[in-house]
Amino acid sequence: MKTGVFVNGRLMGFHENGERLASSLRKMRRDGELDEQTNVAYNKRTNEIFVNTDEGRPRRPLIVVKAGKSLLTQDMVEKIRKGELHWHDLVKKGVVEWLDAEEEENTYIALEEGNLAEEHTHLEFDPVSILGYASAQIPFPEYNMAPRVLMAAQHTKQSLGLYAANFNLRCDTRGHVLFYPQSPLVRTRVYEALGNERRASGQNYVVAVLSYHGFNMNDAVVLNKDAIERALGRSEFFRTYATEERRYPGGQRDHFGIPEEYVQNYLGPEAYTELDEDGVISPDTDVFPNAVMVGKTSPPRFLKEISALDVESEKRRESSLTTRSNENGIVDAVILTESPSGTKFIKVRVRKMNVPEIGDKFASRFGQKGVISLLVPQEDLPFTRDGVTPDLMINPHAIPGRMTAGHLLEMLGGKAASLDCSHKDGTAFSGNTEDEFEDVLRSHGFKPTGQEVLYDGKTGARIYAKIFIGVIYYQRLHHLVSLKLHARSRGPTQMLTHQPTEGRAREGGLRLGEMERDCFIGFGAASLLKERMIDSSDKTVELVCADCGSLGVYDKIKGRRYCPLCDSANIHEVEMSYAFKLLVDEMKSIGINPQLRLKDRGE
Ligand SMILES: [Zn+2]
C-alpha cells in the first residue's frame, strides 16, 4: 500500500515507500538542502508521512546520533569553547537539529552519552531537558514523587513576587507585590538561564522540622511573629477600578462630578466628602468598603416622554465608582485619560498592605503547602546553641508519607549555602550532592545530618531530640485569608429565584447544600431545615385554589381572590419556596398542569 504524504496537514500525494522518503527528507535537511525548520514524521501504523513547515510548532534541539555515536565530537566542543564554532554552524552541519512534537515520535533519545547504543537516533544536551520550564526550576526534582513536583510547579505559579519591575506604572486589574523578594540559595541552572533570580518570588526561611504544642498539626505551619514584623512574607495588593463617561443614543451621557441631592439612589452627603470638586478622589486617601471614588450620574434607564415641566436632572440616577463591598485600602494612583471612543475615562488604583496572618498560605518548592496556624513571639520559640530561632516550623509527619526527599536536601543545601556564602546547584540529575553539603556543614562545626540540639524558648530546657533545621526557599501563595473571609446576615437575592446570590463578590449566602440537607433530615432537625430552606431563603406566600389545585390570583381593584381556571373563590394562602412556584410556572409553560392538593394542617 502506498504511503499518504501530508504537507502542513494537507494530503499532497502518495509515495511507494514511506520509511525511505522520511529518511531521505531528513538526510536532505541535515545536508542543508532542505530548510532546517522542516520536520518530517512517519506514522507506521497509519502509513502516513507528515511534513510540517508551518509556524507555531514548539521545537527543541537534540544532538544527532549515527551508528551509536554522537555527531558532536570533543573536537567541536573545544572549538565552541574557543569561539571558533557557533550554534548555527552545528545546525547547518546537521550535528544538532530541532524536532517538533510529531517528529519526536520517531526518535529514540539517549539521556547521557555513556548510555548510547546502536538503536539510538538522538542524544539530549542535558538530562534536565526532559522537564518543562516550570519543573526544571524546582531543585532536586529527581528525589521526589512526580505528583509532588507537579504540585510544586503549580505553587510556583501562585506565589507572590515581583511580577513586573514596572508594576508602579501599570494598571493591572489585580496584582500582588512581595516586599523584599530574595533569590533562592539553592537554585537550578534553568532558573538562572531564565533570569528568574531577578524576578524572585519567595524568601529563604530558617525552617525547623518540629511540632510546636500541636499547633502545626497536619499541614499547618507556625511562624515567627518577630520575623513577620521584620517584613517576612509581607506583600502589597493592588486593584484597579475604572469608569467612563459614556454616551448613549439620543444625545444623553454620563456626568462625572458630585451628584446632586435629587438624583435617584442618592447615597447621602457623607458618601461624597472625600471627593474633590471634579468628583474624583485624591491619591493617598483612605478608602473603606463601598466608598465612592468617582462621583458619576447616568441618564435614566428607560426614556419617558419629556414634558416641558420636567427637570432633566431629577430623573438622573447615581452611578458612582465605589470600592468593592469587602475591600478597603489607600488610593495609590488616579489616572484621567480618554477611552478609544473619545470619552472621559478614569482609572483608580487602590493598594493595601497584607501582613501574613493566621490562615495565609505558604509553600516550599516541593508541593509542601500549609496555612499559618499560630504566630509565636521569637522569645518563645526554640533556639539552637547559637541562638538561631526558626522562621517557620513544619510538622515532621509532612515528609515520610509524601516522600519529598528533595525538601530535606534543599534544607541541607540552604544551610550549607548560608555557611559558606555561596549558591548551591539543585539542577535535576547534575546538581550538588548530599556529600558536598555534608562536607560544608562538617567544616563549619555542624553535624553533617543537619540536626541540632534545640532549647525550649519558654523554659530554656534542652529538648531531648535531634531536630532537623535548615534554610529553605518558601513562597507566599496568593490565597490570602483576608481576600476569602466572608459572612452574611441579610443581603441581595436573585431576581429569578428570589434565593440569596452566590459568591463572596456578590455578598452571597453560605450554601446549605444537598449533603448538609441530608444531615438535617437524618438528624430529624425539621424546624432548622425549614428555617434554612424556606424562611432564610426564598419564602413566599401564594394563593392556591382548593377545588382545582392551581395557583389563584388576587384582584386588587375588586378586592377578590379567585381561581383563573375554575373561577372558584375557595382560595387559601400557602407558604412555599419561591423556587417551587417557579417550577410550577415553568411546567405550565411546557403544557403540564401541576395541581396542588390542599389538606388541613392537623390531618
Ligand atoms: Zn380552581
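The structure we're discussing is the one just above.
Below, the structure is looked at part by part. All figures in this text were calculated on a predicted structure; none of them were measured in a lab.

Note on the zinc ion: its protein donors are C545 (SG), C548 (SG), C563 (SG) and C566 (SG). The metal-donor distances range over 2.2 to 2.3 Å. Look at C548 and you get buried, because its relative accessible area is 18%.

The final tally for this structure, using the stated rule, is 10 aromatic pairs. Here the aromatic rings of F140 and F437 are separated by 6.1 Å at their centres, their planes lie at 80 degrees, and the arrangement is edge-to-face. Separated by 297 residues along the polypeptide, F140 in the loop between α5 (133-136) and α6 (146-158) and F437 in helix α10 (residues 434-443) bring together distant segments of the chain. According to the relative accessible area criterion, F140 is buried, its value standing at 1%. Positioned above the aromatic ring of F446 is the side chain of R385, whose terminal nitrogen or guanidinium carbon lies 5.5 Å from the ring centre.

The next thing to look at is the nonpolar core. Judged by nonpolar contacts, the single largest core of 31 residues is most densely connected at Y205, V207, L223, L392, I394 and Y474. Sorting the residues of this core by element identifies α6, β12 (203-209), β13 (221-224), α8 (225-229), β25 (392-394), α9 (405-419), α10 and β28 (467-476) as the ones contributing at least two each. Tallying contributions element by element places α9 first for this core, with four residues. Apart from the residues lying within four places of it in its own chain, the contact partners of V207 are P390, L392, I394, M411, F468, I469, G470, I472 and Y474. Grouped together as the second largest cluster of nonpolar side chains are 16 residues, Y272, L275, V294 and V348 included.

Here we come to the packing of α9 against α10. Where α9 meets α10, the axes come as close as 9 Å, and the angle between the chain directions of the two elements is 40 degrees. In terms of their interaxial angle, α9 and α10 are classed as oblique. Our pair here, α9 against α10, has a crossing hand that is left-handed. The segment α9 lies against α10, with L409, L412, G413, K415, A416 and L419 engaging E434, F437, E438, V440 and L441. Looking at side-chain class alone, the contact of α9 with α10 contains seven nonpolar, one polar and three charged residues.

In a regular helix each residue adds 1.5 Å, so 15 residues correspond to 21 Å; α9 covers 21 Å between its end C-alpha atoms and thus fits that length. Burial analysis of α9 places 11 of its 15 residues in the buried class, the great majority of the element. Restricting attention to buried positions, one finds in α9 the residues G406, H407, L409, E410, M411, L412, G413, G414, K415, A416 and A417. In the segment just after α9, C421 is the residue with positive phi, at about 50 degrees.

Looking at chain direction, strand β14 (residues 235-244) and strand β22 (residues 344-354) are connected through 10 bridges and run antiparallel. Looking at β22, one finds that R239 is bridged to V350. Here strand β21 (residues 329-338) runs beside β22; their pairing, made up of eight bridges, is antiparallel. Within β22, the residue paired with V331 across the bridge is V350. Counting the residues in the hairpin turn of β21 and β22 gives five residues, including G342, whose phi is positive at 85 degrees.

Taken in spatial order, the three strands make up an open sheet running β15-β18-β19, and their pairing is antiparallel. Each end of this open sheet is capped by a strand with a single partner; those strands are β15 (255-256) and β19 (317-318). Pairing geometry for β15 and strand β18 (residues 296-298), over two bridges, is antiparallel. Its bridge partner lying in β18, F256 is registered against K296.

With that out of the way, let us pick up the environment of E19. Secondary-structure assignment places E19 in helix α1 (residues 18-30). By relative accessible area, E19 is classed as partly exposed at 46%. It is 11 Å that separates the C-alpha atoms of E19 and G4, two residues lying 15 residues apart in sequence. If we ignore the near neighbours within four places in the chain, the residues touching E19 are Y42 and K44.

About the cut-offs
- Position numbers for residues start from 1 in each chain and track the written sequence from start to end.
- Two thresholds apply to this predicted model, a pLDDT of at least 70 for residue-level local features and 80 or more for giving and counting side-chain atom pairs, whereas whole-chain, interface and lining totals are computed over all residues.
- Side-chain metrics in this entry use all non-hydrogen atoms of the structure; hydrogen atoms and water are not considered.
- Shown as donors are all N, O and S atoms within 2.8 Å of a metal ion, widened to 3.2 Å for Na, K and Ca; because water is not in the atom set, sites may appear incomplete.
- Think of it in three bands: with a 1.4 Å probe and only protein chains considered, a residue is buried below 20% of the maximum accessible area for its type, exposed above 50%, and partly exposed in between.
- Between the rings of Phe, Tyr and Trp (Trp by its six-membered ring), a pair exists once the centres lie within 6.5 Å; its type follows the angle of the planes, with under 30 degrees stacked, over 60 edge-to-face, and the other angles tilted.
- Where helices and strands are cited, they refer to DSSP runs of H or I of at least four residues and of E of at least two residues respectively, numbered from the N terminus.
- We call a charge positioned above a ring when the Lys NZ or Arg CZ atom is no farther than 6 Å from the ring centre and deviates by at most 35 degrees from the ring normal.
- What makes a nonpolar core is a set of buried Ala, Val, Leu, Ile, Met, Phe, Trp, Tyr and Cys residues whose side-chain atoms join them at distances within 4.5 Å.
- Contact definition: two residues touch when any of their heavy atoms are within 4.5 Å.
- For helices, the fitted axis covers only the stretch in contact; all axes are lines through C-alpha atoms, and the angles between them, taken along N-to-C directions, range from 0 to 180 degrees.
- Each angle is binned into one of four classes, with values under 35 degrees roughly parallel, values over 145 roughly antiparallel, values of 65 to 115 roughly perpendicular, and all other values oblique.
- Left-handed describes a crossing in which the near helix is turned anticlockwise from the far one by less than a right angle; the clockwise case is right-handed.
- Put simply, Ala, Val, Leu, Ile, Met, Phe, Trp, Tyr, Cys and Pro go in the nonpolar bin, Asp, Glu, Lys and Arg in the charged bin, and everything else, Gly too, in the polar bin.
- By this rule the span expected of a helix is its residue count minus one, scaled by 1.5 Å.
- A pair of strands is labelled paired if DSSP reports no fewer than 2 bridges between them.

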